[in-house]
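Structural description and commentary
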Amino acid sequence: MADSAGLQFVSPYAFEAMQKVDVVRLAALSDPELRLLLPCLVRMALCAPADQSQSWAQDKKLILRLLSGVEAVNSIVALLSVDFHALEQDARKEQQLRHKAGGSNGESILVSQLQHGLTLEFEHSDPLRRLRLTLSELLAIMNKVVDSNGEFFLKSSELFESPVYLEEVADVLCILQAELPSLLPIIDVAEALLHVRNGDWFLCLLVANVPDSFSEVCRGLIKNGERQDEESVGGRRRTEALRQLCQMNPSQALNIRAMVVEECHLPGLGVALTLDYKPDTADEAVSPLVSYVSGLLLGTNSKVRTWFSMFIRNGQQRKRESSSVLWQMRRQLLLELVAILPRSRSTHVPNDGDMEEGGGSGYSGLREEYVVKASALLRLYCALMGIAGLRPTDEEAEQLLQLMTSRPPATPAGVRFVSLSFCKLLAFPTLVSTPEQEQLMVMWLSWMIKEEEYFESAAGVSASFGEMLLLVAMYFHSNQLSSIIELVCSTLGMKVRWVAVTNNLSANITGFLPIHCIYQLLRSRAFTKHKVSIKDWIYRQLCETTTPIHTQLIPLIDAYINSILTPASKANPEATNQPITEQEILNVFQREGSRGGRQRYSITTQLLILYYILSYEENLLASTKQLALMQRKPKSYSAALMDQIPIKYLVTQAQGLQQELGGLHSALLRLLATNYPHLCLVEDWVCEEEVTGTLPLLRRMMLPSNTCRYTQSQLHQAFQKLPSSSPRLMRILEHLTLLSPGDLIPYAEALTASMALLLEPAVPRRILQTLNKLWMGLNTVMPRRLWVMTVNALQPSAKLLRQQRYTQNDLMVDPLIVLRCDQRVYRCPPLMDIVLHMLNGYLLASKAYLHSHLKETADFDRQSQTVSNLGVPGQPDTPEVTREELKNALLSAQDSAAVQILLEVCLPTSEEQQLGANTESLLRSIRGPLPGKSKQGSLGPSARGSVEDTEPEGGLLSDLREVQCLICCLLHQMFIADPNIAKLVHFQGYPQALLPLTVAGIPSIHICLDFIPELLAQPQLEKQIFAIQLLSYLCTQYALPKSLSVARLAISVMGTLLTVLTRAKRFSFFMPILPCLVAFCQAFPPLYDDVAALLVQVGQVCASDVATKARDIDPLIARLQYLKEKPQGVVTPGGGSSKLTLPQRTAEELGGTDPDVQLCYCVEATFMDIISSTLHGL
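A brief look at the structure comes next. (Residues numbered from 1 in each chain as written. Predicted model: local features only at pLDDT ≥ 70, side-chain atom pairs only at ≥ 80, totals over all residues. Heavy atoms only, no water.)

Overview of helix α1 (residues 12–20)
Side chains of residues three or four places apart in an α-helix project in the same direction, reflecting 3.6 residues per turn. Listing the buried residues of α1 in full gives A14, F15, A17 and M18. What you see down the axis of α1 is that its buried residues fit within an arc of 160°, all on one side. Where α1 is buried, its residues meet α2 (23–27), α4 (38–46), α13 (199–209), α14 (214–223) and α15 (233–248). The positive-phi residue at the C-terminal boundary of α1 is V21, with phi of around 50°. (Buried < 20%, exposed > 50% of the residue type's maximum accessible area, 1.4 Å probe, protein only. Helix = DSSP H or I, 4+ residues; strand = E, 2+ residues; numbered from the N terminus. Arc of directions from axis to C-beta. Contact = heavy atoms within 4.5 Å.)

So this is what it looks like as structure tokens:
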């Protein structure tokens, strides 16, 4: 801000003294410097301090002594003696008045009508009126800032512009802000000061008198600032104010610069602070400006890069101004560049004799201490020109060319500098604009080729100049300029030769490597165009990798897969690369020597090969349509190969190496979730945390190294001698639990092969639970092979069925094979848990298998059918949607069949029923009486209570109950994953005896409320009866508004069906559902009237059918009407016996009666149940 150029600002020395309250340093200040800090010092001396220590008392005396000789202190003391509470009230009233008036300045409470100008009024006023004048003016500016909606304005204010009263106005401003902080937040005051002349000076004084607010003020100004500060007057004033603040407190300049980058505002301020920054110890390698700008443009934050690039582009569109921060930055960079150039450089081209001498003045070498700085400058200019679009001036281009053609010493840094210079020449050839410069560059290239061997021997690193020139040839070749390739090779005196693989390739190896060349040539399809096999080189390079993984490996694999599947041109569809063979892939995963030997290849190689296979299969499926059009069908890798690859084990290993593997682990997880969803089960990840967590690790660490190690044969023998060998088997299994999942792999076959032996009676439960734990641990490293072995081991015995050895493919085609196990498994909870886990996995695997099979064959079948139908009129193509619908129907049939089988397993067998097993005990234990389960004729509360009190022995602690809980958990997961399964199963129906179990044990079954209306609309009475029975349990379990509305609908449907059903169907429909009405009334008492009306209507209809018979049915109808109108009359007020006694009838007596009579008595019994349950609930 040029308007405050002649004013004295607070020095860094004075600000630091204020920050630290260093009285000694304050006493050393000159009178003009001390004058700027008087408001804070006077308040400090007069106000009661929070610090009551003796040292502060001494400091306070020194401050008073320091202020005693300053005349301006008296005026500040007078300002502090004003009643600020009354002043704040008047200020708030004025703010409200201005708000009502729409921001006009017509009437003021703080200041009456001014007789003279604002400056004269300020001069002649007492302290209170001075405060009011300044406060009124400041509030007016703050209100205008709020109303401006971000548009900058410059407020002409006589009070803030008069040079005579600036110091006194600053005193008033500081006192106002200090005494009225809620009315005048310092951030809002700072924002307002940007809109007046001398605002930066006032702002510095304000912050200097409140030094703790420095960071807060700066952050507020930056947050409210413009994204591009040099585009507007407001942005430049804001930048200049912040720059002055940082000059006052230079120790915080870098923190303020970091705020600028964080908010992506005021890029000019960041550059200006870097230009102003003077480090304590100068870095000879790289200057702060180069480091800062390079970090912005070459960093990983794309938002910051775009923001600063826009600053460069916009700055070039304006005329060259010496005050522009961008031109100051460019001038400083140019000065740094010129400072490191060899002294006698020029564009003069020497003759051959000069070159041979090597000491010509035109080619004096770059000094060694400047090489790193020169490399940093080259990278920065590349970023400025390539990313930010900087257009170099003639002077900049000339000096850059001089630097690029410098001859560095033969050091690693020199090799890097030559590589950068060469790449910059490739990226920006326009730097060479004259024939002399072009000849100079050619000679420099010749020197680079000539000195490559010397650089490698002297520097001890690979110069890689040959690979860089190969890249040049490749770039020209991608533009189909083969003649230029020959010209480059002949001019540079080198031939393009085949490069070898890099041994132990990792991210630690820097520079241009053969992998860069191969990757670019793969992308340009150079190998397929010229029929050059690249498969062997890629395979050898993948086998020669280690951690940390090189960033170019994954893009190389992706480009290689694309070159296998996509031809180089449509004219030549066979121009593709060959895939890696299955035998080569198997070699990577085989162990050396015996089966337990170490791996031949590193984990990095195995993970990369796994990524290649999974990505290849995914891309093959995604390209089937294009391949079908070209009549190409690349070979897919066989299922037998995939079965031999430990996919889950490799992914588990990769999880612990995420830092070294870069993005490979996440890429593998994505491919697994798409192609192998059964390997990404949530419960597997949870179980893996339990197996590989801290506690199991501590247990394994406590395992003595000399402990007895059991062999597979010992484990097998212990299984064979059950149950007599139970203690020994338990010791072996407990020992195995201390091993890691990877160490358990050799025992997998022995564990699974003997599972059937555990189904024999008298096997301890602890052995079964330990085996379950070991199986779950093995499942984290080898799930697919483990599942196949387990399914084969749990088949029924050979006496009942001829055993068959199933394969992985068999189980994916038909997941229900898992449930064709020995029937005893259904009552062995630990083994049933394993079976359910496998069933869930194979159902997911079947979905992925059918999806890939459909996608793999659909396009080729459709293409062949289209070809076969050519010339055959009237023969339509098979619509694609039919295949998809058939696949979905098959999957739905599989899922529903699995659910139905599991529900059937939950039913107690005849032996269990004799022992007292009851599927309703779970529901009854949760919510009390079940609807409609009392016997007809004895439906009172006493009979129901006796059922509850006599829980069968072992009802809640039985194998059946545990199996039921496991099955309900799986069904809950299946219903959540696909609600359509729940709908399909309930439309199919299942035994009514299971409804208490499913409603209480499957939390997600409440979704059935969504489709029960649709189920009620089905024409089959069996489905309607099942829907009403299901609804009765749901209403009792989930007494929700939605349940109430569906129950109302069910009652309405029952009333409608009463009028249309025949006599026989009426009996078969109402007899099983009348008890459900009790549950409706118990869950929702407001339904009593509707239910009572329905029951009376049913009774009347039945009575009319038997009216001609010799039965007295009228008294029954009268009782029903009485029960509907006065249900409370059934029981005496004192709780005595009922006024209307219901005659007790046995089932045999009712069985021989007419169906309508039975229905009438059942209606009456339902009435009594409703009344009894209601009174029982009260």
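Details of the packing of aromatic side chains
Centre distance and the angle of the planes are the two values used to describe a pair of aromatic rings. All chains considered together, the criterion is met by 13 aromatic pairs. When the centroid spacing of 5.2 Å and the interplanar angle of 85° are considered together, the rings of F160 and F202 count as edge-to-face. Placement of the pair is F160 in helix α10 (residues 158–161) and F202 in helix α13, with a sequence separation of 42 residues. Taking relative accessible area as the criterion, F160 reaches 0% and is therefore assigned buried. (Phe/Tyr/Trp six-rings, centres within 6.5 Å; stacked < 30°, edge-to-face > 60°.)

A closer look at unusual backbone geometry
The omega angle of the peptide bond from T547 to P548 is -5°, so this bond is cis rather than trans. Here P548 shows up in the loop between α31 (535–543) and α32 (553–565). For L266, which is not glycine, the phi dihedral falls at a positive 55°. Position of L266 among the secondary structure elements: in the loop between α16 (253–263) and α17 (267–276). The residue N504 is not glycine, and still its phi comes out positive at about 50°.

A few points about the packing of helix α20 (residues 325–340) against helix α22 (residues 371–386)
In contact at an axis separation of 10 Å, α20 and α22 are set at 145° when each is read in the N-to-C sense. As α20 runs across α22, the sense of the crossing is left-handed. Contact with α20, carried on its side by L333, L334, E336, L337 and I340, involves K373, A374, L377, L380, Y381 and L384 of α22 and no other residues of that element. When grouped by side-chain class, the residues that make up the contact of α20 with α22 number 9 nonpolar, no polar and 2 charged. (Axes fitted to C-alpha atoms, helices over the stretch in contact; angles between N-to-C directions. Left-handed = near helix turned anticlockwise from the far one by under 90°. Nonpolar A, V, L, I, M, F, W, Y, C, P; charged D, E, K, R; others polar.)

What about the packing of helix α58 (residues 1021–1037) against helix α60 (residues 1063–1083)?
Between α58 and α60, whose axes approach to 8 Å, the crossing angle comes to 15°. By the criterion of interaxial angle, the relationship of α58 to α60 is roughly parallel. Judged by the twist between their axes, the crossing of α58 over α60 is left-handed. Side by side, α58 and α60 meet where L1021, Q1024, I1025, I1028, Q1029, L1031, S1032, C1035 and T1036 of the first sit next to K1065, S1068, F1069, P1072, I1073, C1076, A1079, F1080 and A1083 of the second. The residue inventory of the contact of α58 with α60, partitioned by class, reads 12 nonpolar, 5 polar and 1 charged. (Parallel < 35°, antiparallel > 145°, perpendicular 65-115°, else oblique.)

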